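Examining the three-dimensional arrangement
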Amino acid sequence: MRLIVQKFGGSSLRDAESVLAAARKAIRAKHAGYQVIMVVSAQGTTTDDLIAKAAEITATPSPREMDVLLATGEQVSIALTAMAIQELGEQAISFTGPQVGILTDRNHRKARIRSIDIRRLRAALDAGQIVVLAGFQGMTDEGDITTLGRGGSDTTAVAVAAAMKLAGYDVTCEIYTDVDGVYTSDPRLVPDARKMDAISYDEMLEMASMGAGVMHSRSIEFAKKYDVPLMVRNARSDALGTWILPEAPWMSEFPVCGAALAADESRLVLEGVPDRPGVSHRIFSALADANIAVDMIAQSVGRGGRATIGFTVLNSELDRTRKILMPIVAEMGATLLESGRVSKVSVVGAGMRTLAGVAERMFSALAQAGINIQMITTGDIKISVLVEENTTAEEWATETPSEPTKKAHLEARKAVVGRRALRTVHDAFGLALPRKGAGVPAEPADNGFRPRPQPMVVHSEADHEAAIARLAGMEDVLVSGVYLNTEQCRLTIHDLPDRPGNCARVFTAVAQAGILVDMIVQNIVAPGRAELSFTVTRRDYQQALHCTEEVLRSIDPSCRVVGDADIAVLYVTGVGMRTHTGVARTMFGALAARQINIHMINTSEVCVAVVVDQERGAEALECLREAFRLA
Ligand SMILES: Nc1ncnc2c1ncn2[C@@H]1O[C@H](COP(=O)(O)OP(=O)(O)O)[C@@H](O)[C@H]1O
Ligand SMILES: N[C@@H](CC(=O)OP(=O)(O)O)C(=O)O
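Residues numbered from 1 in each chain as written. Chains lettered and ligands numbered in written order. Predicted model: local features only at pLDDT ≥ 70, side-chain atom pairs only at ≥ 80, totals over all residues. Heavy atoms only, no water.

Here is the rule we go by: UniProt positions are given in the numbering used here, feature names are shortened, and annotations may be inferred rather than shown by experiment.
As recorded in an unreviewed UniProt entry, the protein goes by the name aspartate kinase, listed as coming from Thermogemmata fonticola. According to its UniProt record, the protein has this under Catalytic activity (unreviewed entry): "L-aspartate + ATP = 4-phospho-L-aspartate + ADP". Under the UniProt heading Sequence similarities (unreviewed entry), the note attached to the protein is "Belongs to the aspartokinase family."

1. Here we look at the domain arrangement of the protein
Heads up, the condition is: The split of the chain into domains comes from an automatic or database domain assignment. Here, two residues are considered to be in contact whenever any of their heavy atoms come within 4.5 Å of each other. Accessible area that two parts lose when put together, with a 1.4 Å probe and added across both, is what the buried area reports.
Structurally, the protein comprises domain 1 (2-178) and domain 2 (259-428 + 481-627). The C-alpha-based centres of domain 1 and domain 2 are spaced at 37 Å. The interface of domain 1 with domain 2 comprises 9 residues on the first partner and 10 residues on the second. For the pair domain 1 and domain 2, the summed buried area comes to about 670 Å², and 37% of that belongs to carbon and sulfur atoms.

2. Concerning the site of ligand 1
Filter applied, for reference: If a single non-hydrogen atom of a residue is within 4 Å of a molecule or strand, that residue counts as near it. We call two N or O atoms a polar contact when they sit within 3.5 Å, provided that within protein one can donate a hydrogen and the other can accept it, with sequence-adjacent residues counted only if both atoms are side-chain atoms. Here, Shrake-Rupley sampling with a 1.4 Å probe gives the accessible areas, and only protein chains in the shown set may cover a residue. Three classes are used, and their members are as follows: Ala, Val, Leu, Ile, Met, Phe, Trp, Tyr, Cys and Pro are nonpolar, Asp, Glu, Lys and Arg are charged, and the others, Gly among them, are polar.
Surveying the vicinity of ligand 1 reveals 21 residues, the closest of which are T177, D178, D186, R188 and K406. Here an oxygen atom of ligand 1 sits 3.1 Å away from a polar atom, N or O, in the main chain of G10. Taking T177, its side chain carries an N or O atom lying 2.8 Å from an oxygen atom of ligand 1. Isolated, ligand 1 exposes 560 Å² of accessible area, and the fraction of that covered by the protein chains is 94%. Taken together, the residues of the shell around ligand 1 sort by class into 8 nonpolar, 8 polar and 5 charged.

3. Thoughts on the side chain of S185
Test applied: Strands are runs of DSSP state E lasting at least 2 residues, helices are runs of H or I lasting at least 4, and numbering of each runs from the N terminus.
Mapped onto the elements, S185 comes out in the loop between β9 (170-177) and β10 (198-200). Separated by 2.9 Å, the side chain of S185 and the backbone oxygen of A259 make a polar contact.

4. A short note on helix α5 (residues 153-166)
Basically, it comes down to this: Expected span of a helix, by definition, is 1.5 Å for each gap between consecutive residues, and there is one gap fewer than residues. The classification of residues rests on relative accessible area computed with a 1.4 Å probe and restricted to protein chains. Under 20% of the type maximum is buried, over 50% is exposed, and intermediate values are partly exposed.
Between its first and last C-alpha atoms α5 spans 20 Å; for 14 residues at 1.5 Å apiece the expected length is 20 Å, and the two agree. Buried residues dominate α5, accounting for 12 of its 14 residues. Among the residues making up α5, those that are buried are S153, D154, T155, T156, A157, V158, A159, V160, A161, A162, A163 and M164. Downstream of α5 by one or two residues, G168 has phi in the positive range, about 105 degrees.

Here it is as C-alpha cells:
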C-alpha cells in the first residue's frame, strides 16, 4: 500500500485557515490513493511561548515538567487538525506520541527515539482514517512524556516513515513548511538564495547541523539510514519542493551547494592543555557524559608540551559546559577562556572532496569584506568559520519583525556580522546563479505528488538487513566505516598574525599551485596570533611547503611553517557523528587506552577525523574498528 507521511511545521499551522489548508492537502493525498499520516507541530510560536511561560515561574524548571508542558503544544495541533479533516468530510483520528508507542530514552528535552510500535497506526489506516500524529514527543519505558529537541517533529515524521517502510509500506515523506524547499541559504537572510531541486542526504545533514533550520538534522539521519524518500515543500502551494536523495554523480560538479549560519553558539578555548594521550578524551568524554554536543573542535599542534583546544557549544549549554570543565581545567593546570558572541558560517558541498580552491575562495571573499576569522574547521564536505559578533544592540534593534516570529529566526537576525559573512560566501560561490540542481524552473505539480527520482546508490541486501536489525535502537548511531590515510602530510603555521586576509593569502598561494587541501584547523592561540594547520597529499607536500614559506615572507617574516610528513589521518564515518556525543567519546577513549596521541581533530555530522603519528596509524585503525565493532 502506498503511504504518505506529511509533516506540517508550526509555521504552516499558525491559525484556523492554515490548519484547514493542511487538512485539505492530506485529504487530496487520500483521494489520490494514498494512506495518509500527518505529523503536526505546535502552532506558530507556541513552543517559544510555553518556554517563556515556564521562565516566568522559574529559571531552572525541571526537565521532566518542561516536557509535560512543551508536549501540550502538539496536542492542541493534533486535535484541531483532526477536527478540520472531519469538518471537510473525511475520517481522521489524532494520536499523541505515547499513544502510538513512540518510546525514547530518558533524556528530557532532547530524547532520542528507541522504537515505534506501529500497530495502532496500521489499524487506524486500515480503518480508512487519516492519522494525525503529534510530532516532537514520545515517552520513556516508565511512561514519562519526553520531547525530542527543538525542531524535533521532522524527526518524528521521518522516523514514523522509516518504521512504516520497514513494515512493508511504500512510503514517501513530505515536510511542509513556509518556503518552497531547501534553498542555497536561508531565504530570510539571503534574499537571492535559490531553491534546490535536489540535495544529497549528507549535504542536507551538514546544512541542517550547520544551522539550516528548515530541517532537523536528526531527521536526515533516519532518512539516510532507512532510505526514506523525502521532499521539503511549501504548505501554501503545489510547487514541487526539494528532494533529499542519495548522492548522485552530478552533485560533485559543484564545489558548494549551500551556505548556512548558526548564531546560537559560544566559543570556548582551553589554553595550556598538556599535549599527551588521553587529554582530549578526558575533556570531551566529560561533556559527552552530560550529553553536551560539542560542535567545532580545533585542537592546535602542541608546543613545549602544551596545546590549545578551541571548541563551540550551543549557547544554551554554556553554563553547564563551564561547570563541568572548571575542575578538569584546574587539575590540568590549563585555563578556560570564553569569546564574546560568535556566529558560525559554513559552506557545504559534495564537490569539495575533489575540487581544489574552496577554502581559498571562501577566505578571500571574507577577507575582501573585512571579516576576520576566529576559528576554522573542515569536514569531508564542509568548511566552517567562526566570526565575532561585535554589533551593538541598536544595530539589530531595527531588524525586529512586526509579526510573531520564532525565537530561532530572531537570533539569526541579530547576527549582523554573521549575516554579512553568509551573504559574502553565498555570492563568492555564485549560489544565486542558475545551475543544475538549483535553477531549473519549478515543474508543474502533478496533482501535488511525484515519485522520487531513482536512487542513484543501490543499497545491498546486507545493508537492508542491518537496518532492520537496528530498528530496535532506531536512533542509535550508525558508524559505517573507519579509514586510515597515510598519504597526507601536515603543515602548521605558528604565530600567524590574526588579521583578515592572512588565511586567504595562504590558501590562495596553495590553490594557485593546484593543490587540494584536506583538513584545515585554525585556532587563535595567543592574543593577535593564530595557529593554522592543514593537510595535503604527500605528492603535493614539498610544493605546498615551498609556496607557504614564500607567502609567509610577505605576510610576516617572523612566522614560520613547520611540516610533518609522518602523520596518519583516521576517519570515522557515518551519520549523526556530532550530535551523538558518544562517537567522539568512543573514538578518543579507544585511542587514549592505547596511549595514541591526537594531534588534530575535525568533526562534522558525517565524519570525525583525527591526525596521529604515522607509526601508530595501523594500530589506531585496528583499535577504532574494534571500538566501533566493525569487521
Ligand atoms: N537552506 C534553507 N532553505 C530553506 N529554508 C531555510 C534554510 N535555512 C533556514 N531556513 C529557514 O527555515 C524556515 C522553516 O523552518 P521553521 O520556521 O522551523 O519551519 P516549520 O515551522 O515548518 O518547522 C524557513 O522559513 C527559512 O527561513
Ligand atoms: N514545536 C517544536 C517542534 C517542531 O518541530 O516545531 P517546527 O516543526 O515548527 O519547527 C518546536 O518548536 O521546536
